[in-house]
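Okay, here's what each chain looks like letter by letter:
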Amino acid sequence: CHIGDDSVAIAQMGAAEVLGVDFSPAALARARALAAECGAPCRFALADAQAIPEALPEEAGRFDLAFASWGTIAWLPDIQAWARGLAHLLRPGGALAFADCHPVAQVFDGWHEGRPGWAFPYFARQPIPFDDAMDYAAGDPIANGATITHLHPLGDILGALAAAGFRLERLEEHDRLPWPLYPGLMRADGPYWTWPDKPWLPLALTLRATRC
């Protein structure tokens, strides 16, 4: 949940109880402060998203909805464990709402002659290390820019959810994202960014799945 902005927003939309989970004590301190400032009924738990059943056994089956969006699974090497954690938190019939960058769009790097250049094999399933001295969110300098991400193919995402006991209700692919993934993307309608000339590859996906 990072600093809790989505958690607070969901509470403000009417959720009676919201639990945000993150592995960073500093992020959760900010999240608690934000929720208190907004008067939002949120709780926050320190846990690895890949070890939720072990870290939060008392939360089993408590929730109607799990929400994960925009840049969650790229940081996780084990999305099978992530999916099992979501199933642990949800009651039978509870739903997962998921939105993220489309894995097809993550095979590129940089911008070359008007198109992004190929860089990362779609099926490699290997950690992708890189170094960036700037904060990806705020654009500020950071002391340690070493980062590791993971490209999870679409089949792996759906397979992990199915193995954890989810039934897919809806899957949609989109030609726009709420941030400029590559420098050559251009503004689309509202807060979104898309390809400069035509929607030639998907940039995002959204899905809804129900815990059986």
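Report on the accompanying structure. Just so it is clear, the structure is predicted and the values come from calculations on it, not from any experiment.

Describing the overall build of the protein
Move 1: Looking only at helices and strands, the protein features five helices and 13 strands.
Move 2: If one aligns the C-alpha atoms of the protein with their principal axes, the spans along those axes are about 55 × 35 × 35 Å.
Move 3: Counting all 212 residues of the protein, 38% fall into the buried class.
Move 4: In the protein, 68% of the contacts between residues at least 6 apart in sequence involve partners at least 24 apart.
Move 5: Total accessible area on the protein is roughly 11,500 Å²; 57% of this is exposed by carbon and sulfur atoms.
Move 6: Here the protein carries 15 positive and 25 negative side-chain charges, and the mean point of each set is 7 Å from the other.

Quick look at helix α1 (residues 5-12)
Move 1: Among the residues making up α1, those that are buried are Ser7, Val8 and Ala11. Considered in projection along α1, the buried side chains sweep an arc of 95° and stay on one side of the axis.
Move 2: Contacts from the buried residues of α1 go to β1 (18-22), α2 (25-38) and β2 (42-46).
Move 3: Directly beyond the C-terminal end of α1, a positive phi value near 120° is found at Gly14.

Describing the pairing of β1
Move 1: Summarising burial for β1: five of the five residues are buried, a large majority.
Move 2: Every second residue of β1 is oriented toward a common face, with Val18, Gly20 and Asp22 on one face and Leu19 and Val21 on the other, all of them buried.
Move 3: The pairing of β1 with β2 spans five bridges and is parallel. The residue of β2 that forms the bridge with Val21 is Ala45.
Move 4: For the crossover that starts at β1, traverses α2 and ends in the parallel β2, the hand is right-handed.

Things to note about the packing of α1 against α2
Move 1: For the pair α1 and α2, interaxial distance at closest approach is 9 Å and the crossing angle is 25°. Relative to α2, the element α1 lies roughly parallel. Every pair of crossing elements has a handedness; the one defined by α1 and α2 is right-handed. Of α2, the residues touching α1 (which contributes Asp5, Val8 and Gln12) are Leu34, Ala35 and Cys38.
Move 2: Looking at the contact of α1 with α2 residue by residue, the classes come out as four nonpolar, one polar and one charged.

Structural notes on the packing of aromatic side chains
Move 1: Considering all chains together, one arrives at nine aromatic pairs under this definition.
Move 2: The interplanar angle of 45° and the centroid separation of 4.9 Å between the aromatic rings of Phe108 and Trp118 together place this pair among those described as tilted. Note that Phe108 is positioned in strand β5 (residues 108-112) and Trp118 in strand β6 (residues 115-118), a separation of 10 residues in sequence.
Move 3: Here Phe108 falls in the buried class, since its relative accessible area comes to 3%.
Move 4: Overall, Trp118 belongs to the exposed group, its relative accessible area being 70%.

Quick notes on the pattern of salt bridges
Side chains that differ in charge, positive against negative, can pair when their charged atoms come close.
Move 1: Evaluation of the coordinates by the stated rule reveals 10 salt bridges.
Move 2: Across the salt bridge formed by Glu59 and Arg62, the nearest N and O atoms sit 2.9 Å from each other.
Move 3: Take Glu59: its relative accessible area is 5%, and that puts it in the buried class.
Move 4: Among the salt bridges present, the one from Asp156 reaches Arg125, with a minimum N-O distance of 2.7 Å. Of the two residues, Asp156 sits in helix α5 (residues 154-163) while Arg125 sits in the loop between β6 and β7 (128-131), which places them 31 residues apart along the sequence.
Move 5: The exposure class of Asp156 is partly exposed, given its relative accessible area of 23%.
Move 6: Its relative accessible area of 49% is what places Arg125 among the partly exposed residues.
Move 7: Here the salt bridges share partners, and the residues they tie into one network are Glu17, Arg43, Glu59 and Arg62.

How each quantity is defined
Residue positions are given per chain, counted from 1 along the sequence in the order it is written. Only residues with pLDDT of at least 70 are given local features in this predicted model, and only at 80 or more are side-chain atom pairs given and counted; all residues enter the totals for whole chains, interfaces and linings. As a rule here, side-chain values cover all heavy atoms of the structure and leave hydrogens and water aside. Secondary structure is summarised from DSSP: a helix means a run of H or I of at least four residues, a strand means a run of E of at least two, and numbering begins at the N terminus for each. Three exposure classes are used, based on accessible area relative to the maximum for each residue type with a 1.4 Å probe and protein chains only: buried under 20%, partly exposed in between, and exposed over 50%. The contact criterion used is simple: two residues touch if any of their non-hydrogen atoms lie within 4.5 Å. Surface accessibility in these figures is a Shrake-Rupley result with a 1.4 Å probe; residues are shielded only by whichever protein chains are displayed. The convention is simple: Lys and Arg are positive, Asp and Glu are negative, and His and the chain ends are not counted. For the purpose of locating charges, the reference atoms are NZ of Lys, CZ of Arg, CG of Asp and CD of Glu. Note that the arc is defined by the directions from the helix axis to the C-beta atoms. In this scheme, strands are said to pair when DSSP sees at least two bridges between them. With the strands pointing away from the viewer, any crossover whose connection runs clockwise from the first strand over the helix to the second is right-handed. Convention adopted: a line fitted to C-alpha atoms gives each axis, helices being fitted over their contacting stretch, and angles between N-to-C directions are expressed from 0 to 180 degrees. Comment on the angle field: the value is read as roughly parallel under 35 degrees, roughly antiparallel over 145, roughly perpendicular from 65 to 115, and oblique elsewhere. Take the far helix as the reference: if the near one is turned anticlockwise from it by less than a right angle, the crossing is left-handed, and if turned clockwise, right-handed. Note on residue classes: Ala, Val, Leu, Ile, Met, Phe, Trp, Tyr, Cys and Pro are nonpolar, Asp, Glu, Lys and Arg are charged, and everything else, Gly too, is polar. For Phe, Tyr and Trp, rings pair up if their centres lie within 6.5 Å, where Trp contributes its six-membered ring, and each pair is then called stacked (planes under 30 degrees apart), edge-to-face (over 60) or tilted (otherwise). Any Lys or Arg side-chain nitrogen found within 4 Å of a carboxyl oxygen on Asp or Glu counts as a salt bridge.

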